[in-house]
Amino acid sequence: MKHQLDFEKPIIELQRKLEELKKHPAANDIDIKLDEEIRRIEEKIEETRKQIYSELTPWQRVQLARHPRRPYTIDYLKTVFNGFSELHGDRLYADDHAVVGGFAYLDQRKVMVMGTQKGRDTKENILRNFGSAHPEGYRKALRLMRLADKFRLPIITLIDTAGAYPGIGAEERHIAEAIAVNLREMVLLNVPIIAVVIGEGGSGGALGIGVADRVLIMENAYYSVISPEGCAAVLWKDRAAAAKAAEALKITPKDLHALGLVDGVVSEPIGGAHNDPEGAAASLKAQITLHLDEVAAFKDETRLKLRYEKYRAYGHFLEKPPVSAVEPQPLPATVI
Amino acid sequence: MATTTFVKKTLGLNKTEGTNKSPILKPESTFKKPKLGVSQSRKKDIPEGVWTKCPKCSAMLYDKELDENLKVCYHCHFHLPITARERIHSLVETCSFEEMDASMTSVDILQFTGVTSYVSKLEAYQNSTGLKDAVITGVGKLGRHRLALGVMDFTFLGGSMGSVVGEKLTRLIETATDKGLPLAIICTSGGARMYEGMFSLMQMAKTSAALAYHAKKKLPYISVLTHPTTAGVMASFATLGDLIIAEPGAMIGFAGPRVIKDTTQAELPPGFQTAEFLLDHGLIDAIVPRKELKEKLGFYLDFMSQSQSQDTAVA
Ligand SMILES: [Zn+2]
């Protein structure tokens with residue numbers, strides 16, 4: 001099997017055994033024993049899978065998030081949504097294929113959906129730029145969001161990117177500004193916004209379409225301020241320390257949820273979304289619908305206020321003696 | 001809020017008028033105010049003292065004069081690093097700056113387990129810089145304008161943005177919004193603070209959200225990009241100014257040049273990610289030399305502050 005991860009090896013080994021047994025039933029004299037053996041191995045596979053997946057390390061989680069057989073944005077556009085109709089271009093420079101977006105139905109509900117898109121093979125990856133958007137991608141996303149705002153369509157964003165593209169053209173066309181403007185503008189959009197990290201949540205590149213009323217993350221995805229490898233290179237001076245960095249950064253859905261940094265975790269079938277894409281899609285659809293129903297029930301003003309307060313509350317710090325509220329007191333003594 | 005104490009340094013503000021012989025900066029502005037100045041009697045002043053070598057032209061610069069010249073080389077105009085305190089002093093009227101949240105400090109919320117602990121890093125930088133964290137915020141007067149001013153300091157953990165930087169700036173922005181004040185942030189940062197993980201990333205959203213409401217009230221925000229301004233700060237408040245100003249020669253960008261080179265396997269164009277390059281590529285409104293910044297900010301604010309634009313016409 002292609003793209004196997006190290007920690008999946010025991011499962012794959014068992015699966016191979018099972019295949020072999022099933023392949024040669026005739027060669028075996030005692031059918032009852034064979035059936036028993038097959039059942040035993042199947043049970044063992046299930047058990048092993050449960051075992052492995054219940055004890056995943058943060059670094060293994062990152063590897064799962066990057067699994068090349070994991071469902072991508074376009075896969076979910078077909079399974080979670082229907083009638084997706086792509087809209088192209090930022091009206092400024094180009095159509096960035098690392099970001100796809102357009103009209104779609106979520107059951108009967110009309111929505112605007114968009115997300116970062118990776119490629120599964122070399123050819124597709126060149127088209128999708130490995131899921132790393134240029135400024136055009138962020139500007140296209142904002143254009144579609146404004147369109148949605150104008151016509152009262154809820155916005156759903158799917159995030160799966162290692163990060164915004166670090167390239168010459170991206171810098172020349174001001175990718176930082178494109179992201180920053182999205183952060184500012186998404187706060188003011190009147191329609192409900194749901195963002196879901198479905199795979200990799202790579203830093204500012206993920207946040208650039210990730211400001212929302214509800215931010216969800218799939219069970220085997222991660223969301224981080226820096227890639228574990230990048231963090232390892234800076235703090236450990238060794239990219240090989242990525243596993244340690246992944247742990248220190250607290251980037252797993254469980255940690256993020258415990259820290260209040262995401263609003264919900266979308267559970268995946270045992271063995272991960274790549275093992276059961278339909279199951280993953282069903283789970284994702286249920287969660288998006290649930291949260292969308294909740295935030296759609298608020299008046300616009302209330303929703304915007306709650307959205308602001310949610311981001312406003314992020315941060316931990318210490319304030320010595322008189323803890324002043326937001327309002328600064330007149331200060332007689334400080335002089336510069 | 002609390003008071004901070006620090007040694008008041010004379011930076012030559014309003015000291016000498018007119019007789020500035022040093023070959024300072026091409027005058028971009030059409031009018032000249034008192035030069036922020038170099039002392040007139042340079043030769044007499046240099047009996048002894050500490051010297052700094054200009055990183056660009058290698059001239060030996062007498063520290064006292066370098067300070068008076070706002071850390072700009074008085075031979076080649078290279079802009080050396082300036083601390084947040086010095087910067088504030090160079091911009092606001094004496095005794096007008098009321099610092100906010102001076103005692104706010106970072107906490108190791110993730111209990112970050114790395115090569116060195118976050119707590120010991122913080123302590124080391126607090127000791128070496130005399131700062132609590134990488135930004136100073138407050139309200140002061142710049143010329144006739146009351147202004148909410150945030151100044152970052154690269155010497156504190158590379159000006160990285162964690163919860164404290166994000167919170168102090170957000171409170172500053174909210175104060176400006178509530179009180180109807182213009183806002184200026186002098187940026188310098190290596191990006192988000194890794195030690196605070198996703199909390200640091202969320203500061204980008206938090207500060208940008210506060211700016212959304214400041215902008216909605218049609219209040220002016222001027223962002224000043226100084227050397228270096230990159231990554232998470234660049235992808236949030238630094239590029240959201242009504243005006244984006246930069247200091248000459250400042251390195252400004254999103255991704256680091258080495259990362260870009262490694263990713264693209266391409267030669268970087270000459271002057272890539274400098275203030276001048278970005279002026280050329282349309283991001284920056286103007287490059288303003290440090291010594292003209294105060295005057296220029298005042299000039300811009302004259303045009304952008306609704307209440308005061310009327311008086312200006314009369315003057
Ligand atoms: Zn020099």
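Conventions and cut-offs
Residues numbered from 1 in each chain as written. Chains lettered and ligands numbered in written order. Predicted model: local features only at pLDDT ≥ 70, side-chain atom pairs only at ≥ 80, totals over all residues. Helix = DSSP H or I, 4+ residues; strand = E, 2+ residues; numbered from the N terminus. Buried ≥ 20, exposed ≤ 12 C-beta atoms within 10 Å, placed from the backbone. Contact = placed C-beta atoms within 7 Å. Domains from an automatic or database assignment. Expected span 1.5 Å × (residues − 1). Nonpolar A, V, L, I, M, F, W, Y, C, P; charged D, E, K, R; others polar. Pairing = 2+ DSSP bridges. pLDDT = per-residue confidence, 0-100. Axes fitted to C-alpha atoms, helices over the stretch in contact; angles between N-to-C directions. Parallel < 35°, antiparallel > 145°, perpendicular 65-115°, else oblique. Left-handed = near helix turned anticlockwise from the far one by under 90°. Core = buried A, V, L, I, M, F, W, Y, C linked by C-beta atoms within 7 Å.

The secondary structure content of chain B amounts to 10 helices and 11 strands. For chain B, the residues scored as buried account for 52% of the 315 residues in total. Pairs at least 24 apart in sequence give 68% of the contacts found in chain B among residues at least 6 apart.

Let's shift gears to the domain arrangement of chain A. Partitioning chain A into domains gives domain 1 (6-55) and domain 2 (62-312). Each of domain 1 of chain A and domain 2 of chain A was reduced to a C-alpha centroid, and the two centroids are 37 Å apart.

Residue and element names in this part refer to chain A. A rise of 1.5 Å per residue sets the reference length of helix α6 (residues 135-150), with its 16 residues, at 22 Å; its end C-alpha atoms lie 23 Å apart and thus fit the reference within 8%. Looking at α6, one finds that the buried residues are Pro135, Glu136, Gly137, Tyr138, Arg139, Lys140, Ala141, Leu142, Leu144, Met145 and Ala148. For α6, the elements touching its buried residues are β2 (99-106), β3 (109-116), β4 (155-161), α7 (168-172) and α8 (175-186). Just downstream of α6 lies arginine 152, where phi reads positive at about 60°.

Let's shift gears to the interface of chain B and chain A. Contacts between chain B and chain A engage 67 residues on the former and 54 residues on the latter. Among the secondary structure elements, those contributing two or more residues to the side of chain B that touches chain A are α2 (84-91), β3 (98-100), β4 (105-106), α4 (163-179), α5 (197-216), α6 (231-234) and α7 (257-264) of chain B. With 14 residues, the single largest contributor to the side of chain B that touches chain A is α5(B). Here the residues of the side of chain B that touches chain A sort into 37 nonpolar, 24 polar and 6 charged. The sheet contact formed by strand β9 (residues 317-318) of chain A and β4(B) spans 2 bridges and is antiparallel. Counted as the bridge partner of A:Leu318 is B:Thr105 from β4(B).

Turning next to the confidence of the model for chain A. The predicted model of chain A has a mean per-residue pLDDT of 92, with 92% of residues at 70 or higher. Across residues 329-336 of chain A, where pLDDT falls below 50, the model places 18 contacts with residues more than four positions away in sequence or in other chains.

Before going further, it helps to examine the packing of α6(A) against α8(A). Residue and element names in this part refer to chain A. Here α6 crosses α8 at 20°, and the two axes come no closer than 8 Å. It follows from the interaxial angle that α6 and α8 lie roughly parallel. Relative to α8, the crossing made by α6 is left-handed. Judged by residue contacts, Pro135, Tyr138, Arg139, Ala141, Leu142 and Met145 of α6 engage Ile175, Ala178, Ile179, Val181, Asn182, Glu185 and Met186 from α8. In terms of residue class, the contact of α6 with α8 is built from 10 nonpolar, 1 polar and 2 charged.

A few words now on the environment of B:Tyr221. All names here are of chain B. Structurally, the position occupied by tyrosine 221 is in strand β8 (residues 221-230). For the pair formed by tyrosine 221 and threonine 207, sequence separation is 14 residues and the distance between their alpha carbons is 13 Å. Residue contacts for tyrosine 221: discarding those within four places in its chain leaves Leu183, Leu211, His214, Ala215, Leu240, Gly241 and Asp242.

With that out of the way, let us pick up the pairing of β8(B). Residue and element names in this part refer to chain B. Along β8, 9 of the 10 residues are buried, which leaves the element largely enclosed by surrounding structure. Note that strand β7 (residues 183-189) and β8 share 6 bridges and pair parallel. Its bridge partner lying in β8, leucine 183 is registered against tyrosine 221. Pairing geometry for β8 and strand β9 (residues 243-246), over 4 bridges, is parallel.

Turning our attention to the environment of B:Ala124. With respect to the helices and strands, B:Ala124 occurs in helix α3 (residues 118-129). C-alpha of B:Ala124 to C-alpha of B:Phe156: the two residues are 32 residues apart in sequence and 9.5 Å apart in space.

The subject of this paragraph is the nonpolar core. Counting residues in each nonpolar core, the largest one holds 167 residues, and the members touching the most others are A:Val196, A:Ile217 and A:Tyr223. Of the residues forming this core, the biggest block, 11 residues, is contributed by α5(B). Those residues in contact with A:Val196 that lie beyond four places of it in its chain are A:Leu158, A:Ile159, A:Leu216, A:Ile217, A:Met218, A:Val266, A:Leu284 and A:Ile288. Within the second largest apolar cluster, 6 residues are counted, among which are B:Leu61, B:Leu66, B:Val72 and B:Ile82.

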